[in-house]
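If you want the building blocks of each chain, they are given just below.
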Amino acid sequence: MKIVQMKKYTDTGKKDTRSGFGDGLTELGKKNKDVVALCADLTGSLKMDEFKENHPERFFQVGIAEANMIGIAAGMTIGGKIPFTGTFANFSTGRVYDQIRQSVAYSGKNVKICASHAGITLGEDGATHQILEDIGLMKMLPGMTVINTCDYNQTKAATIAIADYEGPVYLRFGRPKVANFTPADQNFQIGKAVQLQEGTDVTIIATGHLVWEALQAAETLNEKGITADVINIHTIKPLDDEAILKSVKKTGCVVTAEEHNFLGGLGESVARVLASYHPAPQEFVATQDTFGESGTPEQLMDKYGLNASAIVSAVQKVTARK
Amino acid sequence: MADYKALEDLVIQVRRDILRQVHKVNSGHPGGSLGCTEFFVALYNELMERNENFTMDGIGEDLFFLSNGHISPVFYSVLARAGYFPVEELNTFRLLNSRLQGHPTTHEGLPGVRIASGSLGQGISVSIGAALTKKLNKDKHIVYTLCGDGELQEGQNWEAIMYAAGNNVDNLIVTVDLNGQQIDGATKNVLPLGNLKAKFEAFGWDVMDIEKGNDLKAIVSGMKKAKEKTGKGKPVCVLLHTVMGNGVDFMMHTHDWHGKAPNDQQLETALSQNPVTLGDY
C-alpha cells in the first residue's frame, strides 16, 4: 500500500465566506471610487455595513425589492459605475432571473451579483431559503461568469478581483463559519483552477464549501492507499477544461463535489468536458434533485451526503468503475 | 421656437418607416409605434440634449430608455433619422444578422440603444440606475423613459416607482403611453389600471397629463413643463394620452394592430394617408 506525503493545509480559524465578501467590498470601496453597492434589506447578513458606513453616497438600500435592485444595478453601469448587488442566493437568482437575463446578461452590463447564504448550509431557515439550483440558473446565461468560493480568504480575493473584470459575474458564497485555509495573499484568477493535492488514482473536483471536505477526504483516502488529485474549481464558468482534462487523463476517474443539485451544477459541467474530450467514470457528490430542510449546517451536510465521508464513498465507487 | 413643419414632416416619414418595416417582415408592432411617433420625434429632435456621437455611458447628455421594447419600429426609425445609424438599415428590421432585432438590444451594438427591453416592466428600474449614476457623476442631465400603460401591470414597476420617490430621484421623467389598449383588449377589461395619476401621486411623484399626446405642440410644451419639474426632489411622471395606430385611420382606436403587420393592400392605403415627406429609406 502506498501512502504519500501530502501537502498540508491549515485552518487558520473558522470564518464565514460572507465576511470575506464584506471585507473585500470594504477594501474595494477604498481603492475604486466607481464601485457602488446595492442591498435588498440584508445589509448585516451580507456584511456590507462597513462599506455603507465608509461610503454612504455609494451605498443604495433598495428595500425588499430585488427585481428593482437588479434593474437599478444594470442602469448604474451606464456612466461607468461598477455595481455590487447583495442579497441571499435565492433572491439573487431565482427571484430575479428575467431581470438578470434581459437587463444584465443580454445587455452585457458590468454588474456583480453577490449572493450569500447559498446552498443547504443556510441551515435552520429551511428550503424556502436554501437554493440548490442557482449555479445552474446562472451558468446557463450567455456571458455570465459564475464563481463559487471556498473560504474567507478566497471570497475576499474574488470580490476584489471581479471589480477589475468587465462583464456580469455571479459570486456565490455562504453563511456558516468554515475552515479558512487558502492564502490571504492569493492571486485570484477568474477561470483558473487551483490544484490542491497531487495524486494518481482519482480526481476530486470540488467547489465552495466542499473544497475543504475534499481535502479531508483525500487524507482519509491516502491512509487507505488511494491518492487523489484535488482541484478547487472556484470558477464554474468559464470552466478550466484544461486543468480537468490534464488531471483525468492521469487518474482515469472523477468525483465532483458541490453544495448544489447534481442537475445543473459543477458536476454536469465537468461531465460535459469529459464526454466531449475524454470520457471517464464520474460520481456526483451533490444533492439528488431534492429540496433541503431545516437543521444545522452540519446535520444537513451529513443527511444530504455533502461531506468528506460522502466524497470518500464516491471515490471508492468510481475507482471500482475504472 | 421649434420648426413644427419640419417635425410634422418627420412624423409622417417615421409613420411610413414603421409601416414599411413591419410590412416587409410581416411581423412587429405598428399600433403602439404609431401612437408614440409624435412623442419620439419631439423627444429626439426638440427636447433631449444629445451628444454628436453615441457612447454607451452617455455622459454630459440626456438619456432615453424604452421600456416597452415592442414599439421598436418607431424607436429605430427616429434613431436612424436622428443620425445614429444609416436609415437604409431599417431595411434589415427583424431579419437574420441584423442589428435591428425584434426588440431593441445592445447585443448587436446598435448605436442609440443602451439596454435590452422586450420583457416588460424593467425600464423604470434601469432608468433609475442611470439617473443615480448621473447624480454620482455630477451630470445635470435628465433621464427619460417611456413605458406602456398595460406594462404597468408588471409588479417590478411599482418597486421602482416606490424607490424613485423614496430616494428623491428627481432627474427622471417617466412617460406613460396611455393608449388604454393591450394585446388582449382594452386595459380596463384585461386588468384595470385604476387612477394612474392618483397612484403615482400617492407614491410621491410629481404627475402631469399631456391630454393631446399625438399633438407635437402639446407634447413639446408639456414635456418642457415636465423638465421644469425636475430637480425639485420628486421624480416626474407624464401621462401621455395617445391613440394607438395614430395616423392610419383603420389602425386607430383598436388593439387589433398591436402586433400585426398590414398586408400589401393595407400598406398601400396606410401609406397613401401619409405621403412621402423626407424620402423613404
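Calculation notes
Residues numbered from 1 in each chain as written. Chains lettered and ligands numbered in written order. Predicted model: local features only at pLDDT ≥ 70, side-chain atom pairs only at ≥ 80, totals over all residues. Helix = DSSP H or I, 4+ residues; strand = E, 2+ residues; numbered from the N terminus. Rg over C-alpha atoms; globule rule 2.2 N^0.38 Å. Buried ≥ 20, exposed ≤ 12 C-beta atoms within 10 Å, placed from the backbone. Contact = placed C-beta atoms within 7 Å. Pairing = 2+ DSSP bridges. Axes fitted to C-alpha atoms, helices over the stretch in contact; angles between N-to-C directions. Parallel < 35°, antiparallel > 145°, perpendicular 65-115°, else oblique. Left-handed = near helix turned anticlockwise from the far one by under 90°. Nonpolar A, V, L, I, M, F, W, Y, C, P; charged D, E, K, R; others polar. Domains from an automatic or database assignment.

On a plain count of helices and strands, chain B comes out with 10 helices and seven strands. For 281 residues, the compact-globule estimate of 2.2 N^0.38 gives 19 Å, and the C-alpha radius of gyration of chain B, at 17 Å, lies within 12% of that figure. Here chain B holds 281 residues, and the buried ones make up 53% of them. For chain B, the share of sequence-separated contacts (at least 6 apart) that also reach a separation of at least 24 residues comes to 76%.

It is worth spelling out unusual backbone geometry at this point. Residue Pro238 of chain A is reached from Lys237 of chain A by a cis peptide bond, and omega for that bond is -5°. Turning to its location among the elements, Pro238 of chain A is positioned in the loop between β12 (235–237) and α9 (241–251). Phi is positive for Arg94 of chain B, close to 65°, though the residue is something other than glycine.

What follows covers the pairing of strand β11 (residues 228–232) of chain A. Residues and elements named next belong to chain A. With five of five residues buried, β11 is to be regarded as a mostly interior element. Every second residue of β11 is oriented toward a common face, with Ala228, Val230 and Asn232 on one face and Asp229 and Ile231 on the other, all of them buried. Two strands pair when backbone bridges link them, and strand β9 (residues 194–197) and β11 are joined in this way by three bridges, in the antiparallel orientation. Each residue of the ladder has a partner; that of Gln197, found in β11, is Val230. Taken together, the five bridges between strand β10 (residues 202–206) and β11 define a ladder with parallel strand orientation.

We now examine the packing of helix α3 (residues 66–76) of chain A against helix α5 (residues 123–136) of chain B. In the contact formed by α3 of chain A and α5 of chain B, the axes pass within 6 Å of each other and the chain directions differ by 45°. Judged by the angle between their axes, α3 of chain A and α5 of chain B are oblique. Our pair here, α3 of chain A against α5 of chain B, has a crossing hand that is right-handed. Contact residues: α3 of chain A offers Asn68, Gly71, Ile72, Ala73, Ala74, Gly75 and Met76 of chain A, while α5 of chain B offers Ser125, Val126, Ser127, Ile128, Gly129, Ala130, Leu132 and Thr133 of chain B. Among the residues making up the contact of α3 of chain A with α5 of chain B, the classes are represented as eight nonpolar, seven polar and no charged.

Residue and element names in this part refer to chain A. By domain assignment, chain A separates into domain 1 (15–178) and domain 2 (194–320). Computed over C-alpha atoms only, the centres of domain 1 and domain 2 are separated by 25 Å. Of the residues lining the interface, 27 residues belong to domain 1; the matching set on domain 2 comes to 31 residues. Elements with a contribution of two residues or more to the side of domain 1 that touches domain 2: α6 (134–139), β6 (145–148) and α7 (152–163). In terms of residues, the side of domain 1 that touches domain 2 owes the most to one element, β6, which gives four residues. For the side of domain 1 that touches domain 2, the residue count by class is 11 nonpolar, 11 polar and five charged.

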